[in-house]
Amino acid sequence: MGRGGILASDVIQMPRREEETPAMVLELVSAGLDSDFSSVRRLGAALVSRVAGDNSGSWQQRLHAVLNGRGAARSRPVELPSDSKSRTTLIEELPWPKEPLLMEEEHEVVLTRFLAEAAAADRLAQAGLGTRLNLILSGPPGTGKTLTAGYIAARLNRPFYVARLDAVVSSLLGDTAKNVRMLLDFVQGSGGVLFLDEFDAIAKQRDDARDVGELKRVVNALLQALDRLDHRCVVIAATNHPQLLDPAVWRRFPYRLDMRLPGADLRRELWSYYLDLGKAKAAEVLARISDSMSCSDIREVALAARRTSLISGEPVQLSTVVEAVVSCTSGKFILPRMGDLPAERLRDLRRKVAELHSLASGDVGALFQITRQGAEKSLKSGRQVVQHEVGSAGQSNSAAQGGRNSGRRRGTGKV
Ligand SMILES: Nc1ncnc2c1ncn2[C@@H]1O[C@H](COP(=O)(O)OP(=O)(O)OP(=O)(O)O)[C@@H](O)[C@H]1O
Ligand SMILES: [Mg+2]
């Protein structure tokens, strides 16, 4: 309850003399819901000054106490480091993510430990048990690496600093290593979480044959700078190419998350959340047929279907989602069509999905929002049509099945 309760109940008693006050309250509530604590602080402070001089001393004091006691760790503007020649900033501060992070159980275990140890960093160091709070996230695009880094910053209530590696990697000899040192020195003093995206750009193996020595300098500078960080510093690195990293880098990152494509349980949660399906069986069946999709692919397809629904004023048509899912190949998603599927296409799609994924008629019913009997009838009529088709259709179907199966990374279940 905490802050939300205090503000909500007290805001009702606020003086009405200022016309802008309701607009500020609205802004305050939406900033709170967005986890945008910089704005919450700004608006909170403005509200305190607004009631100054009013007969509301205790309200003012309580709001003061809330503002001083909580919120984002950073309370003063910070000068961000920049490249000495180009003057481009090497880091930007991003807002904490607004979307929830849905996680594999095994990742949750690592993350919970990481957050607990980061929160207890001082106590652990005093007891001689301090650790490096460095986490490396590896995996294909769209698996939630950036989201996870932002989530950690939010959970630790620290600013989220993202390194701009395009600015860090300089064409001038020697400057990249200098920039890397500046980045890490900055995080040491800032109290923020530093996120090094596309980490391989500065942490590649030092035996690269094409290198003229610059890479060695950069990696050495990185290793030394990482070693200088104190027990409270949090550095999160992400890469799509973990195999390229220098072996010495791994030792500096005791926490690791291998973010593979989501397993069946996580896919079910993602479909359920992004399509707003609750516990409906359709989410589970969608999870079964979407094993080559990343978290981000699922989000894009689901939200596109919901946008279509909002524009048309009709409920979400899961058949268009299914059509998009079966057309997705790994790394590439297709958006669901706007409008109905033609009857013949719909019948073909039901049959194809049922065959490819060995779905029972109840599953097909859940997926296409029809009864089990309706699904049975539809599948039967589909089969009759197939029997009347000449051999080539059957061949293309089995080819499709072969292609799909060979493209699968995993069966069902968690990674
Ligand atoms: N585990 C997840 N739970 C909920 N949503 C997710 C998850 N993973 C990804 N998403 C959604 O997909 C979007 C893109 O994910 P994100 O940018 O974190 O992927 P990434 O692994 O950093 O990809 P890249 O390698 O391309 O940088 C997120 O903003 C979020 O909306
Ligand atoms: Mg990313």
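If you're wondering where the values come from, they're calculated on a predicted model, not measured in any experiment.

(A) Representation of the overall build of the chain. Along the chain, the regular secondary structure elements total 20 helices and six strands. Residues counted as buried form 33% of the 415 residues belonging to the chain. Within the chain, residue pairs in contact and separated by at least 24 positions form 72% of the contacts whose partners lie at least 6 positions apart.

(B) Representation of the nonpolar core within the structure. Core analysis: the biggest nonpolar cluster contains 48 residues, and Val180, Leu183, Val193, Leu194, Phe195, Leu222 and Ile236 have the highest contact counts within it. With seven residues, the single largest contributor to this core is helix α11 (residues 214-228). Core analysis: the second largest hydrophobic core is formed by 35 residues, Leu266, Ile298, Ala324 and Leu359 among them.

(C) The environment of glutamate 99, seen in detail. Secondary-structure assignment places glutamate 99 in the loop between β1 (91-94) and α5 (105-119). Take glutamate 99: there are 12 C-beta atoms within 10 Å of it, and that puts it in the exposed class. Separated by 52 residues in sequence, glutamate 99 and tyrosine 151 place their C-alpha atoms 9.0 Å apart.

(D) Structural context of helix α18 (residues 361-368). Burial of α18 is extensive: seven of the eight residues sit out of reach of the surface. The set of residues buried in α18 consists of Ser361, Asp363, Val364, Gly365, Ala366, Leu367 and Phe368. The positive-phi residue at the C-terminal boundary of α18 is glutamine 369, with phi of around 55°.

(E) Quick peek at unusual backbone geometry. Residues other than glycine seldom take positive phi values, yet glutamate 198 does so here, at roughly 50°. In this fold, glutamate 198 is placed in the loop between β4 (193-196) and α10 (200-203). Within the chain, aspartate 276 stands out as a residue other than glycine whose phi angle is a positive 55°. Tracing the chain through its elements places aspartate 276 in the loop between α13 (264-274) and α14 (281-289).

(F) Broad picture of the site of ligand 1. Taken together, 15 residues lie near ligand 1, and Pro141, Gly144, Lys145, Cys295 and Ser296 sit nearest. Elements with a minimum of two residues in the shell around ligand 1: α7 (145-156) and α15 (295-312). When grouped by side-chain class, the residues that make up the shell around ligand 1 number six nonpolar, six polar and three charged.

(G) Quick peek at the sheet that holds strand β2 (residues 133-138). The six strands lie next to each other as β1-β3-β4-β5-β2-β6, forming an open sheet whose pairing is mixed. Each having just a single partner strand, β1 and β6 (255-258) make up the two edges of the open sheet. Neighbour-to-neighbour, the strand axes of this sheet turn through a mean angle of 20°, independent of strand direction. Sheet topology places β2 next to β6; four bridges connect them, and they run parallel. Following the sheet pairing, serine 138 is matched in β6 by aspartate 258.

(H) Focus on the packing of α14 against α18. Across the interface, α14 lies against α18 with an axial gap of 8 Å and an inter-helix angle of 105°. On the basis of the axis angle, α14 is roughly perpendicular to α18. In contact with Lys281, Ala282, Val285 and Leu286 of α14, α18 contributes Asp363, Ala366 and Leu367. Its residues assigned to classes, the contact of α14 with α18 comprises five nonpolar, no polar and two charged.

(I) Inspection of the environment of serine 138 at higher detail. In this fold, serine 138 is placed in strand β2. For serine 138, a count of 21 C-beta atoms within 10 Å gives the class buried. Counting along the chain gives 121 residues from serine 138 to methionine 259, while the straight-line C-alpha distance between them is 5.7 Å. Those residues in contact with serine 138, other than ones at most four positions away along the chain, are Thr239, Pro242, Asp258 and Met259.

(J) Highlighting the environment of threonine 88. For threonine 88, the position within the fold is in the loop between α4 (57-69) and β1. Taking the C-beta count within 10 Å as the criterion, threonine 88 has 13 such neighbours and is therefore assigned partly exposed. It is 9.7 Å that separates the C-alpha atoms of threonine 88 and aspartate 166, two residues lying 78 residues apart in sequence. Once residues within four sequence positions are removed from consideration, threonine 88 is found in contact with Ser82, Asp83 and Ala167.

(K) Region of interest: the confidence of the model for the chain. With 78% of its residues at a pLDDT of at least 70, the chain reaches an overall mean of 81. For residues 1-17, every residue scores under 50 in pLDDT, and the model assigns this stretch 13 contacts once sequence neighbours within four places are set aside. Low pLDDT, under 50, characterises residues 385-415; the predicted model gives this stretch 25 contacts beyond four residues in sequence or across chains.

The rules behind these values
Residues numbered from 1 in each chain as written. Chains lettered and ligands numbered in written order. Predicted model: local features only at pLDDT ≥ 70, side-chain atom pairs only at ≥ 80, totals over all residues. Helix = DSSP H or I, 4+ residues; strand = E, 2+ residues; numbered from the N terminus. Buried ≥ 20, exposed ≤ 12 C-beta atoms within 10 Å, placed from the backbone. Contact = placed C-beta atoms within 7 Å. Core = buried A, V, L, I, M, F, W, Y, C linked by C-beta atoms within 7 Å. Near = placed C-beta within 6 Å. Nonpolar A, V, L, I, M, F, W, Y, C, P; charged D, E, K, R; others polar. Pairing = 2+ DSSP bridges. Axes fitted to C-alpha atoms, helices over the stretch in contact; angles between N-to-C directions. Parallel < 35°, antiparallel > 145°, perpendicular 65-115°, else oblique. pLDDT = per-residue confidence, 0-100.

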